[in-house]
Amino acid sequence: MQALSALLPTVKTIARAAGAVILEVYAASETVEVVTKSDDSPLTIADQRANQVICAGLAQLTPDCPIISEENKQLPYAERQHFTYAWVVDPL
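Report follows, based on the coordinates. (Residues numbered from 1 in each chain as written. Predicted model: local features only at pLDDT ≥ 70, side-chain atom pairs only at ≥ 80, totals over all residues. Heavy atoms only, no water.)

**Things to note about the nonpolar core**
Argument step 1. Judged by nonpolar contacts, the single largest core of 13 residues is most densely connected at Ile54, Leu58, Trp87 and Val89.
Argument step 2. Among the elements of the structure, helix H1 (4-28), helix H2 (45-61) and strand E4 (87-89) are those that each provide at least two residues to this core.
Argument step 3. The residues contacting Ile54, other than those within four sequence positions of it, are Ile14, Ala18, Val89 and Pro91. (Core = buried A, V, L, I, M, F, W, Y, C linked by side-chain atoms within 4.5 Å. Buried < 20%, exposed > 50% of the residue type's maximum accessible area, 1.4 Å probe, protein only. Helix = DSSP H or I, 4+ residues; strand = E, 2+ residues; numbered from the N terminus. Contact = heavy atoms within 4.5 Å.)

So this is what it looks like as C-alpha cells:
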C-alpha cells in the first residue's frame, strides 16, 4: 500500500466529489425521501450516491484495499478480522 500522505490529495478530491453529489440531491428537491434501514437508521438517496462516488474512487485509487461502508453489504467479521488495511466509509 502507498504511503497515506501520497493518497491524501486524491482522497480529498473524492470527498469533495461526494459532497457535490450530496449538495446536488438536496438542491434538486424540497423534500428528501428517507428510508429506514434494518437497524432503524436513516438512508437517503444522497447517502447512496455519495457512497457510490466514494467507493468507486477509493477502489480505483487502491484496488487491493477493502472498503467497509455502512451503506454496503458487510462482510462477515471472520473475513474482516484479517484485513491489514481497509477504508472505513460513512458517506454522509
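**Concerning the packing of H1 against H2**
Argument step 1. In contact at an axis separation of 9 Å, H1 and H2 are set at 160° when each is read in the N-to-C sense. Judged by the angle between their axes, H1 and H2 are roughly antiparallel. For the pair H1 and H2, the crossing hand works out as right-handed. Each of Leu7, Thr10, Val11, Ile14, Ala17, Ala18, Val21, Ile22, Val25 and Tyr26 in H1 lies in contact with H2, whose residues at this interface are Ile45, Ala46, Arg49, Ala50, Val53, Ile54, Gly57, Leu58 and Leu61. (Axes fitted to C-alpha atoms, helices over the stretch in contact; angles between N-to-C directions. Parallel < 35°, antiparallel > 145°, perpendicular 65-115°, else oblique. Left-handed = near helix turned anticlockwise from the far one by under 90°.)

**Considerations on the side chain of Glu71**
Argument step 1. Relative to the elements of secondary structure, Glu71 occurs in the loop between strand E3 (67-69) and helix H3 (77-80).
Argument step 2. Ignoring sequence-local partners within four residues, the contact set of Glu71 consists of Lys37, Leu43, Asp47, Asn51 and Pro91.

**Digging into the environment of Lys12**
Argument step 1. Here Lys12 lies in helix H1.
Argument step 2. Taking C-alpha positions, Lys12 is 17 Å from Pro63, a pair spaced 51 residues apart along the chain.

**Topic: H2**
Argument step 1. If you check H2, its first and last C-alpha atoms are 24 Å apart, about what 17 residues at 1.5 Å a residue would give, namely 24 Å.
Argument step 2. Considered for burial, the residues of H2 that qualify are Ala46, Asp47, Ala50, Asn51, Ile54, Cys55, Gly57, Leu58 and Leu61. Buried residues of H2, seen end-on, are gathered within an arc of 165° and therefore sit on one face of the element. In H2, the exposed positions that point more than 90 degrees away from the buried face belong to Gln52 and Gln60.
Argument step 3. Packing partners of the buried residues in H2 comprise H1, strand E2 (42-44), E3 and E4.
Argument step 4. Its side-chain oxygen at 3.2 Å from the backbone nitrogen of Ala46, Thr44 defines the N-terminal cap of H2. (Expected span 1.5 Å × (residues − 1). Arc of directions from axis to C-beta. Polar contact = N/O pair within 3.5 Å; in protein donor to acceptor, adjacent residues only side chain to side chain.)

**A short note on H1**
Argument step 1. Taking 1.5 Å per residue, 25 residues should reach 36 Å; H1 reaches 35 Å between its end C-alpha atoms and fits that length.
Argument step 2. Maximum bend of H1: about 30°, positioned at Thr10.
Argument step 3. Those residues of H1 that are buried lie in contact with H2 and E4. (Bend = angle between axes of the 7 residues up to and from the residue.)

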